[in-house]
Amino acid sequence: MYFCNEQKITDMRKYIFLFVLCCVSTIYGQDSRPFEAKIYNSEYQMYIKMNLYDKDIIVGQDESILGELPGYFWTKRDTRKWYIIDATLINDHQAELAFVNDFGSEDFTAILTFDEDGGYTLERQEGSKLKIVVNSKFVKIPKTVRFFKE
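Conventions and cut-offs
Residues numbered from 1 in each chain as written. Predicted model: local features only at pLDDT ≥ 70, side-chain atom pairs only at ≥ 80, totals over all residues. Heavy atoms only, no water. Helix = DSSP H or I, 4+ residues; strand = E, 2+ residues; numbered from the N terminus. Contact = heavy atoms within 4.5 Å. Areas by Shrake-Rupley, 256 points an atom, 1.4 Å probe, with all protein chains shown as cover. pLDDT = per-residue confidence, 0-100. Pairing = 2+ DSSP bridges. Axes fitted to C-alpha atoms, helices over the stretch in contact; angles between N-to-C directions. Polar contact = N/O pair within 3.5 Å; in protein donor to acceptor, adjacent residues only side chain to side chain. Phe/Tyr/Trp six-rings, centres within 6.5 Å; stacked < 30°, edge-to-face > 60°. Buried < 20%, exposed > 50% of the residue type's maximum accessible area, 1.4 Å probe, protein only. Lys NZ or Arg CZ within 6 Å of the ring centre and 35° of its normal. Salt bridge = Lys/Arg side-chain N within 4 Å of Asp/Glu carboxyl O.

Time to look at the overall build of the protein. Within the protein, the secondary structure is distributed over two helices and 10 strands. Helices (α) and strands (β) of the protein occur, in sequence order from the N terminus, as α-β-β-α-β-β-β-β-β-β-β-β. Long-range pairs, those at least 24 residues apart, make up 38% of the contacts in the protein between residues at least 6 apart in sequence. Accessible surface computed for the protein: about 9,900 Å², of which carbon and sulfur atoms make up 53%.

Now the structure itself:
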């Protein structure tokens with residue numbers, strides 16, 4: 001016959017507490033590296049693939065020329081790419097990005113913010129206006145665009 005004593009109850013409480021703590025840290029730890037992600041804007045069909053921490057993103061066949069970068073930007077409707085050539089983390093929720101297009105003819109800087117709802121806001125600060133090609137015509141992208149994890 002098994003009898004519970006006070007020490008066993010205390011030990012059981014510790015194990016339950018540790019289990020709950022592990023579960024909570026796993027749930028909230030998912031966004032501990034918010035700038036290591038692939039994000040998407042459905043309206044313009046735009047993607048950003050980034051790792052602003054390790055800066056180790058390889059851009060397809062351009063690997064031999066560019067090497068590892070903080071990330072890049074592309075759309076489904078345009079074959080051109082915009083490379084993130086420099087990324088500075090401002091704080092845990094914001095980063096300053098420097099983009100250049102694949103021809104090297106245009107560039108801009110932007111602030112990328114990881115929002116409380118789990119989305120991202122990219123706001124162009126200065127430089128060239130962002131344009132993509134849709135049906136053989138240039139479409140200007142607004143100064144501020146929202147992205148979400150894919």
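Once the structure has been displayed, the description carries forward.
This next bit is on the confidence of the model for the protein. Summing up the model confidence of the protein, the mean pLDDT is 85 and the portion of residues at 70 or higher is 77%. Ranking the elements of the protein by mean pLDDT puts helix α1 (residues 6–29) last with 57 and strand β6 (residues 107–114) first with 98.

Spatially, eight strands are ordered β1-β2-β3-β4-β5-β6-β7-β10 in a closed barrel, and the strand pairing comes out antiparallel. Ignoring which end each strand starts from, the neighbouring axes of this sheet average 30 degrees apart. Strand direction decides the pairing type here: strand β1 (residues 36–41) and strand β10 (residues 144–149), joined by two bridges, are antiparallel. Looking at the pairing, I39 lines up with K149 of β10.

Here we take up the side chain of T75. Within the secondary structure layout, T75 lies in strand β3 (residues 71–75). Here D78 takes part through its backbone nitrogen, which lies 3.1 Å from a polar atom of the side chain of T75. Ignoring sequence-local partners within four residues, the contact set of T75 consists of Y44, Q45, M46 and I132.

On inspection of all chains with the given rule, the structure shows eight aromatic pairs. Measuring from centroid to centroid gives 4.6 Å for Y40 and Y47, while their planes differ by 45 degrees, and the two rings are tilted. With a relative accessible area of 7%, Y47 lands in the buried category. With 6.4 Å between their ring centres and 85 degrees between their planes, F73 and F99 make a pair best called edge-to-face. Of this pair, F73 sits in strand β3 while F99 sits in strand β5 (residues 94–101), and the two are 26 residues apart along the sequence. Among the residues examined, F73 registers a relative accessible area of 2% and is labelled buried. Given a relative accessible area of 1%, F99 falls into the buried group. Put simply, the rings of Y40, Y47, Y72 and W74 pair up and form one aromatic cluster. Positioned over the ring face of F138 is K131, at 5.8 Å from the centre of the ring.

Right, let's talk about the pattern of salt bridges for a bit. A full pass over the atoms with the stated rule returns seven salt bridges. The partner of R80 in a salt bridge is D78, and the shortest N-O contact between them spans 3.0 Å. Comparing R80 with D78, the two get one shared label, buried. Between R146 and D115 there is a salt bridge, and its shortest N-O distance comes to 2.1 Å. Here R146 is found in strand β10, whereas its partner D115 is found in the loop between β6 and β7 (120–127), with 31 residues between them in sequence. What makes R146 partly exposed here is its relative accessible area of 28%. Here the residues in one salt-bridge network are R33, E36 and D54, joined through shared partners.

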